[in-house]
Amino acid sequence: MLAKFIHFITRTENRISVSSSVLAIISGLLFGLIIMIITNPLESIPAFFTIIFSGFTDIGRVLEIATPIILTGLSVGFAFKTGLFNIGAAGQLMVGAIAAIYVGVEWTFLPSSIHWLIALLAAGVAGAFWGAIPGFLKAYRNVHEVVATIMMNYIGLYFVSYMVEYRLYDLENARSLTVKESAIIPYYGLDKLFGRGDVNFGFIISLISVLIIFIILSKTTFGYQLKAVGYNKDASKYAGINEKNGIVLAMVISGLLAGLAGATIFLTGVSGRHLETTEVLVSEGFDGIPVALIGLSHPFGILFSALFIGLLEQGGFYMQGFNFAPEIIDIITSSIIYFSALVILFKGFIVKLYKKNNMKDVKG
Amino acid sequence: MEHVIEMLNITKEFPGVKANDNVTLQIKRGEIHALLGENGAGKSTLMSILFGLYQPDNGIIKVNGETVKISNPNDANDLGIGMVHQHFKLVHNFTVAENIVLGQEETKKGLLHLDEAIEKILYLSNRYKLKVNPNSYIQDISVGMQQRVEILKMLYRDAEILIFDEPTAVLTPQEIEELMKIMKEFAAEGKSIILITHKLNEIKNVADRCTVLRKGRGIGTVNVDDVSLETMAEMMVGRKVTFKVNKKAPRMGDEVFRVENLYLQSANSERMQLNNINFNVRRGEIVCIAGIEGNGQTELIKTITGLTPHKKGKLFLEGKEITHYSIRKKTMAGIGHIPEDRHKHGLVLDYNLAENLILQTYFEPQFQKFGFLKFSSIYTNARALIEEYDIRCGKGPYSIVRSMSGGNQQKAIIAREMDREPDLLIAVQPTRGLDVGAIEYIHKQLLSHRDNGKAVLLVSLELDEVMNVSDRILVMYEGELVANVLPEETNENELGLYMAGSKRGEVHVS
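Everything numeric in this text was worked out from a predicted model, so none of it was measured.

(A) Structural view of the overall build of chain B. Each helix and strand in chain B was counted, giving 17 helices and 24 strands. Taken over the C-alpha atoms alone, chain B extends approximately 70 × 50 × 50 Å along its principal axes. The buried share of chain B, taken over its 510 residues, is 54%. A separation of at least 24 residues holds for 67% of the contacts in chain B among residues at least 6 apart in sequence. Split by element, the accessible area of chain B, about 22400 Å² in all, is 47% carbon and sulfur. Counting 62 positive and 68 negative side-chain charges, chain B places the centres of these two groups 4 Å from one another.

(B) Up close: the overall build of chain A. The helix and strand tally for chain A stands at 16 helices and two strands. Computed over the C-alpha atoms, the radius of gyration of chain A is 21 Å, within 12% of the 21 Å expected from 2.2 N^0.38 for a compact globule of 364 residues. By its C-alpha atoms, chain A is 75 × 65 × 40 Å across when sized along the principal axes. For chain A, the residues scored as buried account for 54% of the 364 residues in total.

(C) Highlighting the sheet that holds strand β13 (residues 255-265) of chain B. All names here are of chain B. The strand order across the open sheet built from four strands is β14-β13-β16-β17, with neighbouring strands paired in antiparallel fashion. Looking at the sheet topology across the chains shown, the edges are occupied by β14 (272-282) and β17 (320-321). Bridge analysis of strand β16 (residues 312-317) against β17 gives two bridges, and the strand direction is antiparallel. Along β17, the bridge assignment pairs phenylalanine 316 with glutamate 321. Docked against the sheet, helix α9 (residues 297-305) engages β13, β14 and β16, running at close to 65° with respect to β14.

(D) Highlighting the domain arrangement of chain B. Along its sequence, chain B is organised into domain 1 (3-237) and domain 2 (255-499). Spacing between the C-alpha centres of domain 1 of chain B and domain 2 of chain B amounts to 33 Å.

(E) Quick look at the sheet that holds strand β22 (residues 455-460) of chain B. Residue and element names in this part refer to chain B. Taken together, six strands build an open sheet; the order of strands is β18-β21-β22-β15-β23-β24 and the sheet is mixed. With one partner strand each, in any of the chains shown, β18 (335-338) and β24 (480-485) form the two edges of the open sheet. With direction set aside, neighbouring strand axes in the sheet form an average angle of 20°. Strand direction decides the pairing type here: strand β15 (residues 286-290) and β22, joined by five bridges, are parallel. Each residue of the ladder has a partner; that of cysteine 288, found in β22, is leucine 458. Of the strands in this sheet, β18 and β21 (424-428) touch helix α10 (residues 327-334), which is tilted by about 110° from β18. Helix α17 (residues 492-499) rests against β23 (472-477) and β24 of the sheet, and its axis sits at about 35° to β23.

(F) Local environment of the environment of A:Val18. Residues and elements named next belong to chain A. Structurally, the position occupied by valine 18 is in helix α2 (residues 12-39). By relative accessible area, valine 18 is classed as partly exposed at 34%. Valine 18 sits 335 residues away from leucine 353 along the chain, and the two C-alpha atoms are 15 Å apart.

(G) Structural view of the packing of aromatic side chains. Counted according to the given criterion, the structure contains 21 aromatic pairs over all chains. Consider the rings of A:Tyr231 and B:Tyr351, whose centres lie 5.4 Å apart with planes at 80°: the pair is edge-to-face. With A:Tyr231 in helix α10 (residues 221-231) and B:Tyr351 in the loop between α11 (342-346) and α12 (353-356), this pair bridges two chains. Plain terms: the ring middles of A:Phe317 and A:Tyr318 are 5.4 Å apart, the flat faces sit at 80° to each other, and that makes the pair edge-to-face. Residue A:Phe317 is classed as partly exposed on the basis of its relative accessible area, which comes to 43%. Classification of A:Tyr318 as partly exposed rests on a relative accessible area of 27%. Linked through ring pairs, A:Tyr224, A:Tyr231, B:Tyr351, B:Tyr362 and B:Phe363 together constitute an aromatic cluster. Just above the ring of B:Phe316 sits the side chain of B:Arg258; from NZ or CZ to the centre is 4.7 Å.

(H) Fine view of the interface of chain B and chain A. On the chain A side, the residues contacting the 37 residues of chain B number 27 residues. With both sides pooled, the region where chain B packs onto chain A buries about 2900 Å², and carbon together with sulfur makes up 61% of that total. One can count 16 residue pairs in polar contact (both at pLDDT 80 or more) joining chain B with chain A. At the level of secondary structure, the elements contributing two or more residues to the side of chain B that touches chain A comprise β2 (17-28), α1 (43-50), α10, α11, β20 (372-373) and α14 (406-419) of chain B. Per element, the largest residue contribution to the side of chain B that touches chain A is four residues, and it comes from α11(B).

(I) Spotlight on α9(B). Taken together, the buried positions of α9(B) are B:Gln297, B:Leu300, B:Ile301, B:Thr303, B:Ile304 and B:Thr305. At the exit of α9(B) stands B:Gly306, carrying a positive phi of roughly 100°.

(J) Structural detail: the pattern of salt bridges. This structure, assessed with the given rule, holds 27 salt bridges over all chains. Here A:Glu145 and A:Lys138 are joined by a salt bridge, their closest N and O atoms 3.1 Å apart. One exposure class covers both A:Glu145 and A:Lys138, and it is buried. With a shortest N-O distance of 3.0 Å, B:Arg450 and B:Asp451 are connected by a salt bridge. The partly exposed category is assigned to B:Asp451, whose relative accessible area is 24%. Linked by salt bridges that have partners in common, B:Arg283, B:Glu318, B:Asp423 and B:Lys454 make up one network.

About the criteria used
Residues numbered from 1 in each chain as written. Chains lettered and ligands numbered in written order. Predicted model: local features only at pLDDT ≥ 70, side-chain atom pairs only at ≥ 80, totals over all residues. Heavy atoms only, no water. Helix = DSSP H or I, 4+ residues; strand = E, 2+ residues; numbered from the N terminus. Buried < 20%, exposed > 50% of the residue type's maximum accessible area, 1.4 Å probe, protein only. Contact = heavy atoms within 4.5 Å. Areas by Shrake-Rupley, 256 points an atom, 1.4 Å probe, with all protein chains shown as cover. Lys, Arg positive; Asp, Glu negative; His and termini not counted. Charge placed at Lys NZ, Arg CZ, Asp CG, Glu CD. Rg over C-alpha atoms; globule rule 2.2 N^0.38 Å. Pairing = 2+ DSSP bridges. Axes fitted to C-alpha atoms, helices over the stretch in contact; angles between N-to-C directions. Domains from an automatic or database assignment. Phe/Tyr/Trp six-rings, centres within 6.5 Å; stacked < 30°, edge-to-face > 60°. Lys NZ or Arg CZ within 6 Å of the ring centre and 35° of its normal. Buried area = accessible area lost by both parts, 1.4 Å probe. Polar contact = N/O pair within 3.5 Å; in protein donor to acceptor, adjacent residues only side chain to side chain. Salt bridge = Lys/Arg side-chain N within 4 Å of Asp/Glu carboxyl O.

Quick look at the structure:
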């Protein structure tokens, strides 16, 4: 395993990828430090170390935060590999969430041992459906997926509000009804293992997803086709690959992953989270974009970058011990995240540096 | 002061490769100096050094006798050095004039002022008979015209030393002739021209002297008039080269492929892009479709292979109608296709060589099981093809195709297409942009395919190739077949007349 990892790191292209991600994260952190120094110079240094390191004392929380954004990161990254920019993970996530809550509230006839699993699957199916629509539009009507997925985000959001208000309304608390206890994703002892925080089987599901997506992309004919379409649509067509099917399927899988993320957010905790009638697109949906960018769309990279962001957000929570306004903390964490997402910039820079020192293929 | 440019003992090393090894190049005023070498010989590196894109590790550059340091293209411009790159650097939705002034815009009160520029462009255009309209948009003009815009760009900046990087690779025979005339005119005026090329005929036609590079080293500089084509070719590749294709008499068999009454209407007008096309190809036969670029050859091949859908007309392979087969079904039925644009259609440049070699067959049991790729057989397959077709690349089957040279990319496609042993091999301009060695190789492969009793359909713009390789020639003009002739019963002159539409022959399915 270790030998394989070392082999992975020592391959040029991987070395470039990993080092550019690390460099991007470091510059993101430095940028965050600058904001801290400007807003609160006296406490900036201890606060800086708090935001980076305090998360390590609270692994459970970090994993809880990371679980959905691993999935949305995979959602965005998988679409990237096929040449599609899925900005619609947020909407797919919301639709997945409402499907999960609906099943959790209404389908009480299910045996309690599989109730949560069905709710989770329902979320995946709903997300997949929501991803399929822009996929179809892109493949058969050439509607740009960025435009279509943004529209679908808002359609999804208002659909969710409608469902909460007219189908699943809890009059007393002015929010969605509480799901049955059997619909909550079980802990299987993970909460005890990692301490504070709601680490449940959802985290394992996100790990399994990472593995499955990795296998699909690198080991299967299906992944070979999808990447070929992503790299060069014309050559794929020439080779007889049905590139339209590929686009739709990629969006279906992308949506499925985002939908699952919705379930892991809303079916977690003692009684699950509730959807408000004034709900907005949850931030985990958009976090998938920087997660995928920092991880350079590689499933393992996405796993690490999601954990990094989890660490950062939990660190931000502890920063409240210092004299920072909560809004400033939000600004700092999101600056770090988005600055880190400039990894592509660093990759170009490192490739240039590498080429300068080590030019392999010289054209005459 | 005899030389305008002297590059003395230039050495440029990249790790693992000496791109230039003690190369000396001296250009006289008013001469056309050819820089000859195979792909990878170091021509582009040398010119990139002269143009300020790279710094030499060793050696000096003198312009007009004075040692200079050229650290970027702006320095080169200031020294009067201009370059027409192989891939034009033009903004497509800008006009000709806007492209030419780009970077040197004149403004009045902060607004772009083009009038004087247009006047200067018109003056230059008329003086050298370039026939460029400064107000046309780049996207609307032909490739040949775009090249002249690049030339005007250099003239507009008062360049005295003009570098042309493979200028004829994208031109039709007529355009090539005109370009040669323009170059000679420049030279007569005292401008110096460096012509980077690997086409010997062109050198013979226009160049005064020629410097030959091979594997990064300068082999020598010769007066073009004193040496034969064969000598230059030998200097370039380091061995004897045969220009005549060694061709056995064809042993023709049954019909393999037939096109019947094929029509194709253009998407946004009434014009017919293909007008009642009928022809066939037999076993053991190379049928060549000749014609000037843009007369429907591309559309014909795309229609046959299924890349462009069509409504009217029928296609038969081995007597079976395949008109409405999908692309994959056609491929599997026995059509191989070496596409015109190898980067756009032929290869996934970011995949490695092994992955590219299974582009149409990855789903076959040989390469997958239950949807999982069988990497060991994929790489075994690649190694075998690399060996058999002599594909040269740094990391073997793991080489990313983008990093391979054009000739080896083309070899990869040929290996992939021929290895399936298709009954009909379609090759569209398979030798475009390749050097003599690679061309020789590709012609041999096409002939061996035909000698194995398969059919070959070749589309070519090069008359030499048409005459040398084919067993039968069809000429296309404005979407129609206007001639069906045998190479031994015609000549280049007659073919030229067919291609220009001034003569029509009898076309019938033989």
